[in-house]
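# Coordinate inspection notes
For reference, the chains in residue letters:
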Amino acid sequence: MATGETGFKDVAYDLVSLQYHSLKAGHDYGQYVRDAKNAGETDIADFFEGVRQEDSRRAARCHDFLTELSKKGEIGPAAS
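Reading the values: rules and limits
- Residues numbered from 1 in each chain as written.
- Predicted model: local features only at pLDDT ≥ 70, side-chain atom pairs only at ≥ 80, totals over all residues.
- Heavy atoms only, no water.
- Helix = DSSP H or I, 4+ residues; strand = E, 2+ residues; numbered from the N terminus.
- Buried < 20%, exposed > 50% of the residue type's maximum accessible area, 1.4 Å probe, protein only.
- Contact = heavy atoms within 4.5 Å.
- Areas by Shrake-Rupley, 256 points an atom, 1.4 Å probe, with all protein chains shown as cover.
- Phe/Tyr/Trp six-rings, centres within 6.5 Å; stacked < 30°, edge-to-face > 60°.
- Lys NZ or Arg CZ within 6 Å of the ring centre and 35° of its normal.
- Expected span 1.5 Å × (residues − 1).
- Axes fitted to C-alpha atoms, helices over the stretch in contact; angles between N-to-C directions.
- Parallel < 35°, antiparallel > 145°, perpendicular 65-115°, else oblique.
- Left-handed = near helix turned anticlockwise from the far one by under 90°.
- Nonpolar A, V, L, I, M, F, W, Y, C, P; charged D, E, K, R; others polar.

### Considering the overall build of the chain
Across its full length, the chain carries two helices and zero strands. Scored against the burial criterion, the 80 residues of the chain give a buried share of 25%. When contacts within the chain are restricted to residue pairs at least 6 apart in sequence, those whose partners lie at least 24 apart make up 61%. In the structure as shown, the chain presents an accessible area of about 5,600 Å², 53% of it carried by carbon and sulfur atoms.

Structure representation (structure tokens):
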């Protein structure tokens with residue numbers, strides 16, 4: 001695994017980045033759900049909720065991968 005400028009393995013950095021963006025987006029989608037519900041657009045609110053759940057699962061999967069890498073000592077020297 002290549003190590004980037006951060007001292008972390010590129011794959012670990014990528015997973016952390018994806019996890020962050022998935023969690024951030026999930027937070028934002030809460031507002032989208034409320035907006036759609038306030039507009040009486042139940043189908044759209046349900047769509048936004050589904051997207052939020054997908055990002056939540058994505059963030060959890062990143063966490064699982066990071067845990068596996070950490071157990072194998074493959075995250076990088078900054079984590080040691």
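The rest of the description comes next.
### A word on the packing of aromatic side chains
This structure, assessed with the given rule, holds three aromatic pairs. Note on Phe47 and Phe48: the rings are 5.7 Å apart at their centroids and 50° apart in plane angle, and the pair reads as tilted. Judged by its relative accessible area of 53%, Phe47 is exposed. Chaining the aromatic ring pairs together yields one cluster made of Tyr29, Tyr32, Phe47 and Phe48. Over the face of the ring belonging to Phe65 we find Arg61, whose NZ or CZ atom lies 4.1 Å from the ring centre.

### Overview of helix 2 (residues 42-71)
Helix length check: helix 2, at 30 residues, gives a terminal C-alpha distance of 43 Å against a target of 44 Å (1.5 Å per residue), a fit within 8%. When helix 2 is considered as a whole, its buried residues turn out to be Ala45, Val51, Asp55, Ala59, Cys62, Leu66 and Leu69. Among the residues trailing helix 2, Gly73 stands out with phi positive, at a value near 70°.

### Quick look at the packing of helix 1 (residues 10-38) against helix 2
Look at helix 1 against helix 2: their axes get within 8 Å of each other, and the N-to-C directions meet at 160°. Overall, the two elements helix 1 and helix 2 adopt an arrangement that is roughly antiparallel. In this structure, the crossing between helix 1 and helix 2 has a hand that is left-handed. Residue composition of the contact of helix 1 with helix 2, by class: 20 nonpolar, four polar and five charged.

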